[in-house]
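Take a look at the letters that make up each chain.
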There are 2 protein chains.
Amino acid sequence: MTGTPRVDTAQLMELLSVSLGAYHGDFTVAAATENLTASQGKVLTVLRRGPAAMRALADTMTCDASNMTGIVDRLEKRGLVSREASASDRRVKNVVLTAEGERVADAIRTKMRATRDGLDKLSDQDRDRLYTLLERVFIDQTAS
Amino acid sequence: MTGTPRVDTAQLMELLSVSLGAYHGDFTVAAATENLTASQGKVLTVLRRGPAAMRALADTMTCDASNMTGIVDRLEKRGLVSREASASDRRVKNVVLTAEGERVADAIRTKMRATRDGLDKLSDQDRDRLYTLLERVFIDQTAS
DNA sequence: TATTGTTATACTCTATAACTATA
DNA sequence: TATAGTTATAGAGTATAACAATA
């Protein structure tokens, strides 16, 4: 197996910054539409995959466990998630989406899918930047 | 001028998410090394380009003006920035880097340049994903 | 009248340390 | 002893509303 080709990191990072800036902005707006913070929306999105222990959620979001306690507290108070005791380890609490939580998580996902399908927030200039980057990678690759 | 080629948005977004996650993590660590939060580090980075009014800073970071007041207060208390009256509009205060603020901003930039040059935080798997994406774009392009 | 910046207020996120109940 | 989760605490980011100074 040959090594993967190198790319222009500076250009890639600039592109990433612009694109994910738009993505993050859209996610924040999508969550706010359901009266949620971005962190709360992210937890619901993670839980769409299935129940998760408090510790696992904290690891996924790279924050302290004590922090996750507060976030889940607020979600639980609004009836979007519930804590369930683990059968195998009595120390563990599994966080599960309620029916209402599923509805909200799906609403966020639907809004984000629109973003993913369109790259609507990218300006023509940014779209050209993307193309320039890809073109350059192609040229570098074929010239080697 | 022909239109720019389309790319697989879902794959691109996944790649962006992983890559900018690494970038954001590195920036947070770089700022923390100087005992700064990510927001504070971002303001110093913006000010490397030159002085900026409070309102302009708030717009750049897409937060409320009242929020920027607190952030700049903390930076000023540590001697990293100063507020200067505008000559043309007496309502405006321009925020300027102090010598120490420049030193800290440069230290963050140096650490981030190392990240930019390496993409070190990307796993081999993610590097392969990047290559796969680029390869697919190349094939679609030449096949059309 | 509109804009710049601040203050007051309230909520959320965040980490650290200390605690409990399990394992 | 180590781990899962919580509580207490404190600092920082965030937005809203009201305000003074200026345009």
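A quick note: this is a predicted structure, and the numbers were derived from the prediction, not measured.

Peer 1: Give me the lowdown on the sheet that holds strand β2 (residues 81-85) of chain A, citing residues and values where you can.
Peer 2: All names here are of chain A. Sheet architecture is open: 3 strands sit in the order β1-β3-β2, paired in antiparallel fashion. On the outer flanks of this sheet lie β1 (52-53) and β2, each paired with one strand and no other. Pairing geometry for β2 and strand β3 (residues 93-97), over 5 bridges, is antiparallel. Looking at β3, one finds that Glu 84 is bridged to Asn 94. Against the sheet, helix α2 (residues 38-47) touches β1, β2 and β3, its axis set at about 95° to β3.

Peer 1: Which residues make up unusual backbone geometry, and what are the values?
Peer 2: All names here are of chain A. Phi at Asn 35 takes a positive value of approximately 60°, unusual for a residue other than glycine. By secondary structure assignment, the location of Asn 35 is in the loop between α1 (9-33) and α2. For Thr 62, which is not a glycine, the phi torsion comes out positive at approximately 45°.

Peer 1: Explain the protein's contact with DNA strand D to me, and be specific about the residues and the numbers.
Peer 2: Taken together, 22 residues sit near DNA strand D, with Arg 55 and Arg 91 of chain A together with Thr 37, Asn 67 and Arg 74 of chain B positioned nearest. The contact atoms of DNA strand D, taken as those within 4 Å of the protein, divide so that sugar and phosphate hold 69%. Asn 67 of chain B is positioned such that a nitrogen or oxygen atom in its side chain is 3.0 Å from a sugar or linking oxygen of DNA strand D. The leading source of residues in the surface near DNA strand D is helix α4 (residues 65-77) of chain B, at 4 residues.

Peer 1: Let's hear about the protein's contact with DNA strand C: which residues, and what values?
Peer 2: Around DNA strand C sit 22 residues, and of these Thr 37, Asp 64, Asn 67 and Arg 74 of chain A together with Arg 55 of chain B come closest. Of all atoms in DNA strand C that approach within 4 Å of the protein, 69% are sugar or phosphate atoms. Contacts to DNA strand C include Arg 90 of chain A, whose backbone N or O atom sits 3.1 Å from a phosphate oxygen. One of the backbone N or O atoms of Arg 55 of chain B is found 2.5 Å from a phosphate oxygen in DNA strand C. Of the residues forming the surface near DNA strand C, the biggest block, 4 residues, is contributed by helix α4 (residues 65-77) of chain A. When grouped by side-chain class, the residues that make up the surface near DNA strand C number 6 nonpolar, 7 polar and 9 charged.

Peer 1: Account for the sheet that holds strand β1 (residues 52-53) of chain B, naming residues and giving values.
Peer 2: Residues and elements named next belong to chain B. If you walk across this open sheet you meet the 3 strands as β1-β3-β2, and the pairing is antiparallel. Looking at the sheet topology across the chains shown, the edges are occupied by β1 and β2 (81-85). On the sheet, helix α2 (residues 38-47) packs against β1, β2 and β3 (93-97) and is oriented at approximately 95° with respect to β3. Against the sheet, α4 engages β2 and β3, with an angle of about 115° to β2.

About the cut-offs
Residues numbered from 1 in each chain as written. Chains lettered and ligands numbered in written order. Predicted model: local features only at pLDDT ≥ 70, side-chain atom pairs only at ≥ 80, totals over all residues. Heavy atoms only, no water. Pairing = 2+ DSSP bridges. Helix = DSSP H or I, 4+ residues; strand = E, 2+ residues; numbered from the N terminus. Contact = heavy atoms within 4.5 Å. Axes fitted to C-alpha atoms, helices over the stretch in contact; angles between N-to-C directions. Near = heavy atom within 4 Å. Polar contact = N/O pair within 3.5 Å; in protein donor to acceptor, adjacent residues only side chain to side chain. Nonpolar A, V, L, I, M, F, W, Y, C, P; charged D, E, K, R; others polar.

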